[in-house]
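Coordinate analysis (summary)
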Amino acid sequence: MGFLDRLSNGWRISLNSFKVLKANKQLLIFPVLSGISIILVMGSFITFLLAAAGWDIDTMEEPGRAGSYAILLGFYVVNYFIITFFNMALIHCTRLYFRGEEVTVKAGLKFSMSRIGAIFSWALLAGTVGAILKIIQENSGTLGKILTGLLGIVWSVATFFVVPVIAYENLGPFGAFKRSSQIMREKWGESLASRFSFGLIQFLAILVVGLIFFLAGSMVHVILGMVMAVLGAFIVITVMSAVQTIFVSAVYHNVTGDPVELYNQQLIDGLFQGK
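Here's a quick rundown of the structure. (Residues numbered from 1 in each chain as written. Predicted model: local features only at pLDDT ≥ 70, side-chain atom pairs only at ≥ 80, totals over all residues. Heavy atoms only, no water.)

1. Observations regarding the overall build of the protein
Short version of the rule: Numbered from the N terminus, helices here are DSSP runs of H or I no shorter than four residues, and strands are runs of E no shorter than two. Three labels apply to residues, based on accessible area from a 1.4 Å probe with only protein chains included: buried if under 20% of the type maximum, exposed if over 50%, partly exposed otherwise in between. Between two residues, a contact is recorded if the distance between any of their heavy atoms is within 4.5 Å. Accessible surface is estimated by sampling points in the Shrake-Rupley manner with a 1.4 Å probe; for residues, cover comes only from the protein chains shown.
Looking only at helices and strands, the protein features 11 helices and zero strands. Taken across its 275 residues, the protein has 40% of its residues classed as buried. The long-range fraction of contacts in the protein, counting pairs at least 24 apart against all pairs at least 6 apart in sequence, stands at 73%. Accessible surface, the protein as shown: approximately 14800 Å² in total, 68% of it carbon and sulfur.

2. Side note on the environment of Thr245
Tracing the backbone through its elements, the reader meets Thr245 in helix α10 (residues 222–255). Sequence separation between Thr245 and Leu90 is 155 residues, and the spatial gap between their C-alpha atoms is 7.3 Å. Those residues in contact with Thr245 that sit more than four places away from it in its chain are Asn87, Leu90 and Ile91.

3. A few points about the nonpolar core
Soluble globular proteins tend to pack their nonpolar side chains together in the buried interior. Quick note on the threshold: We define the nonpolar core as a collection of buried residues of types Ala, Val, Leu, Ile, Met, Phe, Trp, Tyr and Cys that are connected through side-chain atoms lying within 4.5 Å of one another.
Core analysis: the largest hydrophobic core is formed by 48 residues, its most contacted members being Leu27, Phe30, Met88, Trp122 and Phe161. Per-element accounting of this core gives the leading share, 11 residues, to α10. Not counting residues within four places of it along the chain, the set of residues in contact with Leu27 comprises Leu21, Leu90, Cys93, Thr94, Val103 and Ile246.

4. Observations regarding a nonpolar patch on the surface
We count it as follows: Distance thresholds for patches are 9 Å for like charges and 5 Å for nonpolar side chains (Val, Leu, Ile, Met, Phe, Trp, Tyr), applied to residues having over 30% relative accessible area and no salt bridge. Salt bridges, as used here, are contacts in which a Lys or Arg side-chain nitrogen is within 4 Å of a carboxyl oxygen on Asp or Glu.
On the surface, Met219, Val220, Val222, Ile223, Leu224, Met226 and Val227 cluster together into a nonpolar patch covering about 710 Å² of accessible area. Of note, Met219 is situated in the loop between α9 (193–218) and α10. For Met219, a relative accessible area of 73% puts it in the exposed group.

So this is what it looks like as structure tokens:
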């Protein structure tokens, strides 16, 4: 199957993911909660640093290399934990929807709470990898930055199915990484058409929505226009985050032998065809 065919399939599967979200608008609460939680975490880290400096920003000192690395690691682990927690809740809700069961935010959160240990274990591994890549990138030359960037992409692709795997296959973090990589190697093939589709949709949507919001706000004041543009971008990113997670859930169920309605199996096999 050629690249253009796979790209076409990616678009069609993406549109079906939008249909699922349209039928379950409450799923948007999960990326919203995730975003708010991350902002609060960032605020808590800043508050901690200010408190350590006696609430005087002028007396703040560098925590040292070891301290900086520890803070970076903690920040990455907490972020991964939050993202994984809410993505797993969303994925479970999509599973309920695919099976014709009642979908509620409470059910999703309850399921994530039941897998809290697995989520933390994965966050610890993913956060460590993320922090190490960041440290290497900040302490290397141009070539090192390029290599760590490529490693980051490889890591992102290899962990594509990690959240549903740790949700339903009772594996530890290393086992989940290995299982996700295995599914990707067997099914993904040479094309990443779906990611290109989502990326293009998000890029165009941010441009259009951001411009509309900016123009509307600018009718009152240019500052309000800028704030409205940021709000518009946040809305687009929230929607796309939910849609992409729905996509991951649907494809995972198809490639693991649990076909999902609204997603044609032939389309899935075409997009995730092995090499």
